[in-house]
Amino acid sequence: MKQFFGLISLVVRDYDEALAFYVDTLGFRLVEDIPVPEQAKRWVVVSPPGASETQLLLARASTPEQELHIGAQTGGRVFLFLYTDDFWRDYHAYREKGVVFVREPKQEAYGTVAVFLDLYGNMWDLLQPSAAHLEQRAAGG
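Residues numbered from 1 in each chain as written. Predicted model: local features only at pLDDT ≥ 70, side-chain atom pairs only at ≥ 80, totals over all residues. Heavy atoms only, no water.

Looking at an unreviewed UniProt entry, one finds the protein named Glyoxalase family protein, with Pseudoxanthomonas dokdonensis as its source organism.

What follows is the structure in structure tokens.
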């Protein structure tokens, strides 16, 4: 049996501003942008370059309660972990495009990591895993 996360839902304020950040700033690929007129919504999916399974559903807040969670989906913890094959390439590219890093790059046993904010204030890890970490994960440990 194989299972994986296909979509992770991220509550956003506006589809177009979210697309501008994830596609234009972070370089994600637009996978789908389909109107859902009966709900006055859109089905908007983006994916990091090279990703084959997990994608991000940009879900516009549609109630006052949902609006309260924009930028605070995890109560101030790191929300998503963006793995990369070249930490310094992506780190410098993001900084040049104005991405705010709240924890500077650090070498850890599991890899090179820094924490950045998305346009809503959600915290993300930018992480290039070490070879040992990848081997450990592949072995199920």
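(A) Summary view of a nonpolar patch on the surface. Taken together, the side chains of Leu7, Ile34 and Trp43 make up a nonpolar region of the molecular surface, amounting to roughly 250 Å² of accessible area. Assignment of secondary structure puts Leu7 in strand β1 (residues 7-12). (Patch = residues over 30% accessible without salt bridge, like charges linked within 9 Å, V, L, I, M, F, W, Y side chains within 5 Å. Areas by Shrake-Rupley, 256 points an atom, 1.4 Å probe, with all protein chains shown as cover. Salt bridge = Lys/Arg side-chain N within 4 Å of Asp/Glu carboxyl O. Helix = DSSP H or I, 4+ residues; strand = E, 2+ residues; numbered from the N terminus.)

(B) View of the nonpolar core. Among the nonpolar cores identified, the biggest contains 29 residues, and Tyr22, Phe28, Leu56, Leu58 and Tyr94 are the most heavily contacted of them. Put simply, the parts of the chain that give this core at least two residues each are β1, α1 (15-25), β3 (41-47), β4 (55-60), β5 (78-83), α3 (87-96), β7 (111-117) and β8 (123-129). Looking at which element gives the most residues to this core, the answer is α1, with 5 residues. Counting contributing residues per domain, this core is built from domain 1 (1-70) and domain 2 (76-140), each supplying no fewer than three. Excluding anything up to four places from it in sequence, Leu56 contacts Ile8, Leu10, Tyr22, Phe28, Val44, Val45, Val46, Leu80 and Trp124. (Core = buried A, V, L, I, M, F, W, Y, C linked by side-chain atoms within 4.5 Å. Buried < 20%, exposed > 50% of the residue type's maximum accessible area, 1.4 Å probe, protein only. Domains from an automatic or database assignment. Contact = heavy atoms within 4.5 Å.)

(C) Region of the structure containing the domain arrangement of the protein. What the domain assignment reports for the protein is domain 1 (1-70) and domain 2 (76-140). Taken together, the contact between domain 1 and domain 2 spans 17 residues of the former and 13 residues of the latter. The contact between domain 1 and domain 2 buries some 1200 Å² in all, and 72% of this surface belongs to carbon and sulfur atoms. Ranking the residues of domain 1 by area buried against domain 2 places Phe21, Thr25 and Leu26 at the top, with a combined share of 38%. Our count for the domain 1 to domain 2 interface comes out at 0 salt bridges. The interface formed by domain 1 and domain 2 includes 5 residue pairs in polar contact (both at pLDDT 80 or more). Mapped onto the side of domain 1 that touches domain 2, the elements with two or more residues apiece are β1 and α1. Take the side of domain 1 that touches domain 2: its biggest share by element is 6 residues, from α1. Looking at side-chain class alone, the side of domain 1 that touches domain 2 contains 11 nonpolar, 2 polar and 4 charged residues. (Buried area = accessible area lost by both parts, 1.4 Å probe. Polar contact = N/O pair within 3.5 Å; in protein donor to acceptor, adjacent residues only side chain to side chain. Nonpolar A, V, L, I, M, F, W, Y, C, P; charged D, E, K, R; others polar.)

(D) Here's a closer look at the side chain of Thr84. Looking at where Thr84 falls in the secondary structure, it is placed in the loop between β5 and α3. Since its relative accessible area comes to 10%, Thr84 is described here as buried. Polar contacts involving the side chain of Thr84 include one to the side chain of Arg89, which spans 3.4 Å. A distance of 2.4 Å separates polar atoms of two side chains, one belonging to Thr84 and the other to Asp90. Leaving out residues up to four positions away in the same chain, Thr84 has contacts with Arg89, Asp90, Leu126, Leu127, Gln128 and Pro129.

(E) Expanded view of the layout of surface pockets. Roughly 800 Å³ of internal volume is contained in the largest pocket. Around the largest pocket, the lining comprises 27 residues; the ones closest to its centre are Pro48, Ala51, Phe81, Leu82 and Tyr83. Sorting the residues of the lining of the largest pocket by element identifies β4, β5, α3 and α4 (131-138) as the ones contributing at least two each. Broken down by element, the lining of the largest pocket gets its largest block of residues, 4 residues, from β5. Of the residues assigned to the lining of the largest pocket, the class counts are 17 nonpolar, 5 polar and 5 charged. Looking at which domains feed residues into the lining of the largest pocket, each of domain 1 (1-70) and domain 2 (76-140) gives three or more. Taken together, Tyr15, Val36, Gln39, Lys41, Arg42, Trp43, Leu57, Leu58, Ala59, Arg60, Ser62 and Gln66 make up the lining of the second largest pocket. (1 Å grid on protein atoms, 1.4 Å probe; cavity = no way out; pocket = protein on both sides within 12 Å on 5 of 7 lines; lining within 4 Å. Points joined across faces, edges and corners; volume = space filled by probe spheres on them.)

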